[in-house]
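Spelled out, the chains give:
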Amino acid sequence: MGDRLEFCVEDNGPGIDALDLPLIFEKFYRGRRGVRVRKGSGMGLAITRAILAAHGGGIEAASTPGSGASFRFWVPL
């Protein structure tokens, strides 16, 4: 789209569980794997979404467990 700048970041890690995916941008949500690892506060993606929204942008995630995850985010030009 010509009216925004898009970025896509992908990995080939374990992916995000389908039950966690709709909730990962919520404050303090760490997912089932995050609770076991006990790292992080669950604020990183919520803060990212808020900053992007404040600038008129957005973010979305997709994942296939076992095949990695991708995050696509954008800001207006």
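Look a little higher up for the structure.
Scoring rules and cut-offs
Residues numbered from 1 in each chain as written. Predicted model: local features only at pLDDT ≥ 70, side-chain atom pairs only at ≥ 80, totals over all residues. Heavy atoms only, no water. Helix = DSSP H or I, 4+ residues; strand = E, 2+ residues; numbered from the N terminus. Buried < 20%, exposed > 50% of the residue type's maximum accessible area, 1.4 Å probe, protein only. Contact = heavy atoms within 4.5 Å. Pairing = 2+ DSSP bridges. Axes fitted to C-alpha atoms, helices over the stretch in contact; angles between N-to-C directions. Phe/Tyr/Trp six-rings, centres within 6.5 Å; stacked < 30°, edge-to-face > 60°. Lys NZ or Arg CZ within 6 Å of the ring centre and 35° of its normal. Patch = residues over 30% accessible without salt bridge, like charges linked within 9 Å, V, L, I, M, F, W, Y side chains within 5 Å. Areas by Shrake-Rupley, 256 points an atom, 1.4 Å probe, with all protein chains shown as cover. Salt bridge = Lys/Arg side-chain N within 4 Å of Asp/Glu carboxyl O.

## Details of the side chain of S70
- Position of S70 among the secondary structure elements: in strand β3 (residues 69-76).
- Owing to a relative accessible area of 19%, S70 belongs among the buried residues under this scheme.
- Those residues within four positions of S70 in sequence are excluded, and the remaining contacts are C8, V9, E10, E60, A61 and A62.

## What about the sheet that holds strand β1 (residues 4-10)?
- The three strands are arranged β1-β3-β2 in an open sheet whose pairing can be described as antiparallel. Edge positions in the sheet fall to β1 and β2 (58-63), since each has one partner strand and no second. The sheet shows a mean angle of 15° between the axes of neighbouring strands, taken without regard to direction.
- As judged from the six bridges shared by β2 and β3, these two strands associate in the antiparallel manner. Looking at β3, one finds that A61 is bridged to F71.

## Observations concerning unusual backbone geometry
- A positive phi is found at F28, a non-glycine position, where the angle reads about 70°.
- If you trace the backbone, F28 turns up in the loop between β1 and α1 (31-37).

## Quick word on the packing of aromatic side chains
- Scanning the model with the defined rule gives two aromatic pairs in all.
- Ring plane angle 15° and centroid distance 5.1 Å describe the contact between F7 and F73, whose orientation is recorded as stacked. Linking F7 in strand β1 with F73 in strand β3, this pair joins segments that are 66 residues apart in sequence.
- Residue F7 is classed as partly exposed on the basis of its relative accessible area, which comes to 38%.
- Judged by relative accessible area, which is 23%, F73 ranks as partly exposed.
- Taking 6.4 Å as the distance between ring centres and 85° as the angle between the ring planes, the aromatic pair formed by F25 and F71 counts as edge-to-face. Placement of F25 in the loop between β1 and α1 and of F71 in strand β3 is noted, with a sequence separation of 46 residues between them.
- Residue classification places F25 among the buried positions, given a relative accessible area of 11%.
- Lying over the aromatic face of W74, R4 brings its terminal NZ or CZ to 4.4 Å of the ring centre.

## Some details on a nonpolar patch on the surface
- Where nonpolar side chains cluster on the molecular surface, the patch consists of L5, F7 and L77 and spans about 310 Å² of accessible area.
- Considering the arrangement of structural elements, one finds L77 in the segment after β3.

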